[in-house]
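# Structure at a glance
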Amino acid sequence: MKLALIGYGNVGRALAALIRRKKSEFPFKILGIHTARHGTAVDPRGLARDPRFGPAAASVEAFLDAAHAEIAVELTTLNPVTGQPAIDHMRAAFARGMHVVTANKGPIAHAYADLHDEAVRRNLLLRFEATVMDGAPVFNQVRNNLPGVKVLGFTGVLNSTSKIVIEAMEQGGTFEEGLDAARRMGIAEADASFDVEGWDSAAKTAALANVLMDARTNPQAIPTRGITRLGPDRVRELNRAGKTVRLVSRARRTDRGLSLRVRAEVLDKTDILACVHGTSNLLLLHTDLMGTVGTVSVSPGVEQTAYGVFIDLVEVLRAVNS
Ligand SMILES: NC(=O)c1ccc[n+]([C@@H]2O[C@H](COP(=O)([O-])OP(=O)(O)OC[C@H]3O[C@@H](n4cnc5c(N)ncnc54)[C@H](OP(=O)(O)O)[C@@H]3O)[C@@H](O)[C@H]2O)c1
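### Considering the domain arrangement of the chain
Segmentation of the chain into domains returns domain 1 (2-135 + 303-321) and domain 2 (144-299). Centre-to-centre separation of domain 1 and domain 2, based on C-alpha positions: 26 Å. The contact between domain 1 and domain 2 buries some 1,700 Å² in all, and 69% of this surface belongs to carbon and sulfur atoms. Taken together, domain 1 and domain 2 are joined by one salt bridge. The salt bridge involving K105 is made with D200; its shortest N-O contact spans 3.0 Å. Across the domain 1-domain 2 interface, the total number found is five residue pairs in polar contact (both at pLDDT 80 or more). Considered class by class, the residues forming the side of domain 1 that touches domain 2 number 10 nonpolar, four polar and two charged.

### Brief notes about the nonpolar core
With 68 residues, the main nonpolar core has L64, L126, L208 and L212 as its most contacted residues. No other element matches helix α9 (residues 199-213), which puts nine residues into this core. Summarising the domain contributions, this core has at least three residues from each of domain 1 (2-135 + 303-321) and domain 2 (144-299). Sequence-distant contacts of L126, that is, excluding residues within four places in its chain, are made with M90, F94, V100, Y112, L115, H116 and A119. By size, the runner-up hydrophobic cluster in this structure holds 28 residues, among which are I71, A130, V314 and L317.

### Considering the pairing of strand β4 (residues 71-74)
The alternating pattern of β4 places I71 and V73 and A72 and E74 on opposite faces, both of which are buried. Sheet analysis places strand β1 (residues 2-6) next to β4, joined by four bridges and oriented parallel. Across the sheet, the residue bridging to A4 is A72, located in β4. Pairing between β4 and strand β5 (residues 99-102): four bridges, direction parallel. Counted as the bridge partner of V73 is V101 from β5. For the crossover that starts at β4, traverses helix α3 (residues 86-95) and ends in the parallel β5, the hand is right-handed.

### With respect to the sheet that holds β5
Taken together, the six strands give an open sheet; going across it, the order is β3-β2-β1-β4-β5-β6, and neighbouring strands pair in mixed fashion. Every interior strand has two partners, whereas the edge strands, β3 (40-42) and β6 (126-127), have only one. Bridge analysis of strand β2 (residues 29-34) against β3 gives three bridges, and the strand direction is antiparallel. Directly across from H34, in β3, lies its bridge partner T40.

### Looking at the side chain of K204
Positionally, K204 belongs in helix α9. Judged by relative accessible area, K204 falls into the buried class, the value being 9%. Not counting the four nearest positions on each side in its chain, K204 is found in contact with K105, T131, V132, L158 and N159.

### Comments concerning the pairing of strand β11 (residues 281-287)
Of all the seven residues making up β11, six are buried; the element is thus mostly covered by neighbouring parts of the structure. Alignment of β11 against strand β12 (residues 292-297), held across six bridges, turns out to be antiparallel. Paired with N281 across the bridge in β12 is S297.

### Concerning helix α2 (residues 60-67)
Looking at α2, one finds that the buried residues are V60, F63, L64 and A67. For α2, the angular spread of buried residues about the axis comes to 95°, placing them on one side. Looking at the buried side of α2, the elements it contacts are β1, β2, β3, β4 and α3. Positioned one or two residues after α2, H68 has a phi angle of 50°, which is positive.

### A short note on the packing of α3 against helix α4 (residues 105-121)
Describing two packed helices takes the angle between their axes plus the distance from one axis to the other. The geometry of α3 relative to α4 is characterised by a closest axis approach of 10 Å and an angle of 15° between their N-to-C directions. Here α3 lies roughly parallel to α4, going by the angle between them. The two elements α3 and α4 meet at a crossing, and its hand is right-handed. Residue-level inspection shows A86, I87, M90, R91 and F94 of α3 in contact with α4, the latter providing P107, H110, A111, D114, L115, E118 and A119. Here the contact of α3 with α4 is composed, by residue class, of eight nonpolar, one polar and three charged.

### A word on the site of the ligand
Around the ligand, a shell composed of 24 residues is seen, among which Y8, V11, R37, H38 and T76 lie nearest. Contact distances for the ligand include 2.7 Å between an oxygen atom and a backbone N or O atom of T76. Contacts to the ligand include G186, whose backbone N or O atom sits 3.3 Å from a nitrogen atom. Across the complex, the protein chains shield 84% of the 910 Å² of accessible surface that the ligand would expose by itself. Cavity membership is defined here by more than half of the atoms lying within 2 Å of grid points; on that basis the ligand lies in the largest pocket.

Reading guide: rules and limits
- Residues numbered from 1 in each chain as written.
- Predicted model: local features only at pLDDT ≥ 70, side-chain atom pairs only at ≥ 80, totals over all residues.
- Heavy atoms only, no water.
- Domains from an automatic or database assignment.
- Buried area = accessible area lost by both parts, 1.4 Å probe.
- Salt bridge = Lys/Arg side-chain N within 4 Å of Asp/Glu carboxyl O.
- Polar contact = N/O pair within 3.5 Å; in protein donor to acceptor, adjacent residues only side chain to side chain.
- Nonpolar A, V, L, I, M, F, W, Y, C, P; charged D, E, K, R; others polar.
- Core = buried A, V, L, I, M, F, W, Y, C linked by side-chain atoms within 4.5 Å.
- Buried < 20%, exposed > 50% of the residue type's maximum accessible area, 1.4 Å probe, protein only.
- Helix = DSSP H or I, 4+ residues; strand = E, 2+ residues; numbered from the N terminus.
- Contact = heavy atoms within 4.5 Å.
- Pairing = 2+ DSSP bridges.
- Right-handed = clockwise from strand over helix to strand, strands pointing away.
- Arc of directions from axis to C-beta.
- Axes fitted to C-alpha atoms, helices over the stretch in contact; angles between N-to-C directions.
- Parallel < 35°, antiparallel > 145°, perpendicular 65-115°, else oblique.
- Left-handed = near helix turned anticlockwise from the far one by under 90°.
- Near = heavy atom within 4 Å.
- Areas by Shrake-Rupley, 256 points an atom, 1.4 Å probe, with all protein chains shown as cover.
- 1 Å grid on protein atoms, 1.4 Å probe; cavity = no way out; pocket = protein on both sides within 12 Å on 5 of 7 lines; lining within 4 Å.
- Sits in = over half its atoms within 2 Å of the grid points.

The following block contains the structure:
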C-alpha cells in the first residue's frame with residue numbers, strides 16, 4: 001500500500017524504520033514525505049532509506065496530489081488549542097480518496113465526529129490508535145474486543161512527561177531537569193508546556209470521550225489543572241509521607257451529561273494510578289457489561305507510538321483486501 005507522510009519527526013522516522021523492518025511481511029511503501037521546514041520528498045517508486053528532500057511543496061494539497069498515495073499518515077505537531085492544520089490535512093486527504101491514519105490527537109480531540117462522518121460518507125477509513133497510549137489497545141480494544149459495551153467513564157494516567165518531571169523531583173532534581181530528561185527521550189511535545197500544563201492530557205481526554213462516549217467536546221471545555229504549581233520541596237514532602245502526584249484524566253456519565261476533568265492528584269503510592277512510572281501509562285474503562293477493564297503500557301518509547309500507527313495501517317490494509 002502506498003503511503004504519504006505529512007510530518008517526519010520522531011514518530012515519522014520511527015515509522016519509516018518499522019516499515020523497513022517488516023517489509024517482507026507487510027507491503028507498505030512510502031511514496032512521499034512532506035514537512036514544515038525540511039522540504040518535501042516524492043518518488044513514485046518508493047522513497048530511499050535517507051530520502052532527498054527538495055523544496056517544500058506549495059501546500060499539503062499539492063503534496064498529496066503529487067504523492068498519489070492510498071493512505072495519508074498525519075504526523076505533524078500537536079496543536080491542542082485548535083487541532084489545526086492537521087484537521088485540514090485530513091480533509092484534503094479524504095477529498096482525494098485517501099484513508100487517513102494519525103498519531104496526532106488534536107483532530108480527534110477537536111473534530112472527531114465531523115471527520116468520522118466525512119470518512120464514512122466517502123467510504124474511507126480514519127484510524128488513530130497511537131493518539132492515546134501509543135500502540136497499546138485502547139480504541140481497538142473497544143471496537144474489536146468489547147462488542148455491545150457502553151463506556152460509562154474512564155480513569156487514566158496518560159501523560160509521560162509529567163511523570164518524568166515528578167519523578168526527577170522525587171529523586172532530588174529540579175522541574176527543568178525533569179523536562180530536559182523528557183525532551184532527550186523524544187517524548188515531550190514540541191512545546192513541553194502542553195504536557196505540564198495538562199493540555200496533552202486534556203486533548204487525550206477529549207479524544208477518548210469523543211470516540212468512546214460521543215462527547216463532541218474539545219480540550220478547552222475540560223477543566224484542567226496541570227503540575228506547574230508543584231515544586232521539588234512539596235514533591236519530596238509528599239514522597240516522605242508515602243504519597244506522589246499523577247496527572248489524572250477522569251470521565252463519567254452523570255444525570256446532567258458527561259463530567260470530564262484533568263487534574264494533578266495527590267495519591268498514595270500504593271494506588272493503582274500511582275503504580276505507573278516514567279513513560280508507563282494506564283487507562284481504566286468503566287463499562288456496563290465488562291465492569292472496569294484496564295490497559296497498561298510499560299515503558300513505551302517512540303517505537304511503540306510508531307507501532308500504534310503501524311497497527312492502523314495493517315487495519316486499513318486488511319479492510320481494503322477483505
Ligand atoms: N513522540 C511521541 O512519543 C508521541 C506519542 C504519541 C503521539 N505523538 C504525536 O505524534 C505527532 C508527531 O510527533 P513527533 O514527536 O514526531 O513530532 P516532531 O518530532 O515535532 O515532528 C513533527 C513533524 O511535523 C512536521 N510539521 C509540523 N507542522 C507541519 C505542517 N504544517 N505541515 C507539514 N509538516 C509539518 C515537522 O516538520 P519539520 O521537520 O520541517 O519541522 C516535523 O517533521 C504529534 O502530533 C504528537 O502529539 C507523539
